[in-house]
Amino acid sequence: MAFTGNFMCTSFKVELLKGQHDFTNGQDAFKIALYDNNASFTAATTDYTATDEVAASGSYSAGGGTLTNVTPTSSSTTAFTDFDDITFTSATITARGALIYNTQTGGGSGTTDTVVVLDFGSDKSSTSGDFQIVFPTADASNAIIRIA
Amino acid sequence: MFEFKVEVDKTNPIVGVKTTENRGFTPEELAEQCVAKVISVSDSTHPGIRDQARAFSKHIEKVVAYYMRQAIRSDRTTVYNTLKDAGHPDLAELIRRL
């Protein structure tokens, strides 16, 4: 199995309509977990899994890193939100993709509800160094999560 | 009927990934990323304005990199003193010489 592209998870769309995700800075805590290319995620992926997750190394630990939310805003008729870039330091990692998931869906705790599947396009490796994920420009055309 | 779309580009990578081997990012690499977050110049901007904006970006990059290097030096001073005060003068000296 392998990564086959980026997907906005269908379960996330449903939860969005139920008002279960709060991207406001300081509200729900979203995490990003890294995976090797044995992972197989699609729009049907609903939860974080430890299967095929990269091993803990440096500042990367099981479950991934906690993202910093950028409070949603809008431009013209498009609403969007973003996350700050995240860097795992002193890490030896080879990852092909990632899952972003909410650990506080619906105001709960310890939840694992997926938001988006990210395919890096090829294996990305760091060796005893920094592994940084750079989110796209936070605007109406590029932000990672947009409602048009 | 109202329709709103929450979709992602399925084919092209959405996020960028930057990695290093046996080192961290340099101030210059981080300054470039920093400025890219702060200033964006469209290719369709009037050439006169675009060139000026890009030159300004390069200048800001150098300023940011300079202060990042200063911050590193300053932090090493703090680490040096913390280690020295904790009774590790050899380790402190190692940090100072980095």
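Everything below is about the structure printed above this text.
So, here's what we can say about the structure. (Residues numbered from 1 in each chain as written. Chains lettered and ligands numbered in written order. Predicted model: local features only at pLDDT ≥ 70, side-chain atom pairs only at ≥ 80, totals over all residues. Heavy atoms only, no water.)

Here's the deal with the nonpolar core
Judged by nonpolar contacts, the single largest core of 42 residues is most densely connected at Ile32, Leu34, Phe88, Ile100 and Ile133 of chain A. Considering each element in turn, this core owes the most residues, nine residues, to strand E6 (residues 86–102) of chain A. Contact partners of Ile133 of chain A, with chain neighbours within four places excluded, come to Ile32, Leu34, Asp85, Ile86, Phe88 and Phe120 of chain A together with Val15 and Gly16 of chain B. (Core = buried A, V, L, I, M, F, W, Y, C linked by side-chain atoms within 4.5 Å. Buried < 20%, exposed > 50% of the residue type's maximum accessible area, 1.4 Å probe, protein only. Helix = DSSP H or I, 4+ residues; strand = E, 2+ residues; numbered from the N terminus. Contact = heavy atoms within 4.5 Å.)

Examining the environment of Ala65 of chain B
Residue and element names in this part refer to chain B. The residue Ala65 is located in helix H2 (residues 47–85) in this model. For Ala65, a relative accessible area of 5% corresponds to the buried category. Leaving out residues up to four positions away in the same chain, Ala65 has contacts with Pro27, Glu28 and Ala31.

A closer look at the side chain of Thr105 of chain A
All names here are of chain A. Secondary-structure assignment places Thr105 in the loop between E6 and strand E7 (113–134). Taking relative accessible area as the criterion, Thr105 reaches 10% and is therefore assigned buried. Reaching out from Thr105, the side chain makes a polar contact with the side chain of Asp113 at a distance of 2.7 Å. Apart from the residues within four sequence positions on either side, Thr105 is in contact with Glu15, Gln20, His21, Asp28, Thr111 and Asp113. (Polar contact = N/O pair within 3.5 Å; in protein donor to acceptor, adjacent residues only side chain to side chain.)

Brief notes about the interface of chain B and chain A
Listed as interface residues are 25 residues of chain B and, on the opposing side, 34 residues of chain A. Both sides together, the interface formed by chain B and chain A hides about 2400 Å², and carbon and sulfur atoms give 55% of it. At the junction of chain B with chain A, the criterion picks out two salt bridges. Put simply, chain B and chain A have 16 residue pairs in polar contact (both at pLDDT 80 or more) between them. Looking at the side of chain B that touches chain A element by element, the count peaks at four residues for strand E1 (residues 16–19) of chain B. For the side of chain B that touches chain A, the residue count by class is eight nonpolar, eight polar and nine charged. Here E7 of chain A runs beside E1 of chain B; their pairing, made up of four bridges, is antiparallel. Bridging across to E1 of chain B, Gln132 of chain A finds its partner in Lys18 of chain B. (Buried area = accessible area lost by both parts, 1.4 Å probe. Salt bridge = Lys/Arg side-chain N within 4 Å of Asp/Glu carboxyl O. Nonpolar A, V, L, I, M, F, W, Y, C, P; charged D, E, K, R; others polar. Pairing = 2+ DSSP bridges.)

Side note on the pattern of salt bridges
Side chains that differ in sign of charge can pair as their charged atoms come close. All names here are of chain B. For the structure on display, the rule yields 10 salt bridges over all chains. Between Glu28 and Arg69 there is a salt bridge, with its nearest N and O atoms 2.3 Å apart. Pair noted here: Glu28 is in helix H1 (residues 27–38) and Arg69 is in helix H2, with a separation of 41 residues, a long-range link. Each of Glu93, Arg96 and Arg97 takes part in one network of salt bridges that share partners.

Focus: the sheet that holds strand E8 (residues 145–147) of chain A
Residues and elements named next belong to chain A. The strand order E4-E5-E8 describes an open sheet built from three strands, whose pairing is antiparallel. The two strands at the open ends of the sheet, each matched to only one other strand, are strand E4 (69–75) and E8. Strand-to-strand twist of the sheet, defined as the mean angle between neighbouring strand axes without regard to direction, takes the value 15°. Relative to strand E5 (residues 78–83), E4 runs antiparallel, the two sharing five bridges. From the neighbouring strand, Asn69 faces E5, where its bridge partner is Phe83. (Axes fitted to C-alpha atoms, helices over the stretch in contact; angles between N-to-C directions.)

Here's the deal with the environment of Gln70 of chain B
Residues and elements named next belong to chain B. For Gln70, the position within the fold is in helix H2. The class for Gln70 is partly exposed, based on a relative accessible area of 31%. For Gln70 and Pro27, which are 43 residues apart along the polypeptide, the C-alpha to C-alpha distance reads 9.8 Å.

Description of the packing of H2 of chain B against helix H3 (residues 89–97) of chain B
Residues and elements named next belong to chain B. In contact at an axis separation of 8 Å, H2 and H3 are set at 170° when each is read in the N-to-C sense. By the angle between their directions, the pair H2 and H3 is classed as roughly antiparallel. In this structure, H2 uses Arg76, Val79, Tyr80, Leu83 and Lys84 to contact H3, whose residues at the interface are Leu91, Ala92, Glu93, Ile95 and Arg96. Residue composition of the contact of H2 with H3, grouped by class: six nonpolar, no polar and four charged. (Parallel < 35°, antiparallel > 145°, perpendicular 65-115°, else oblique.)

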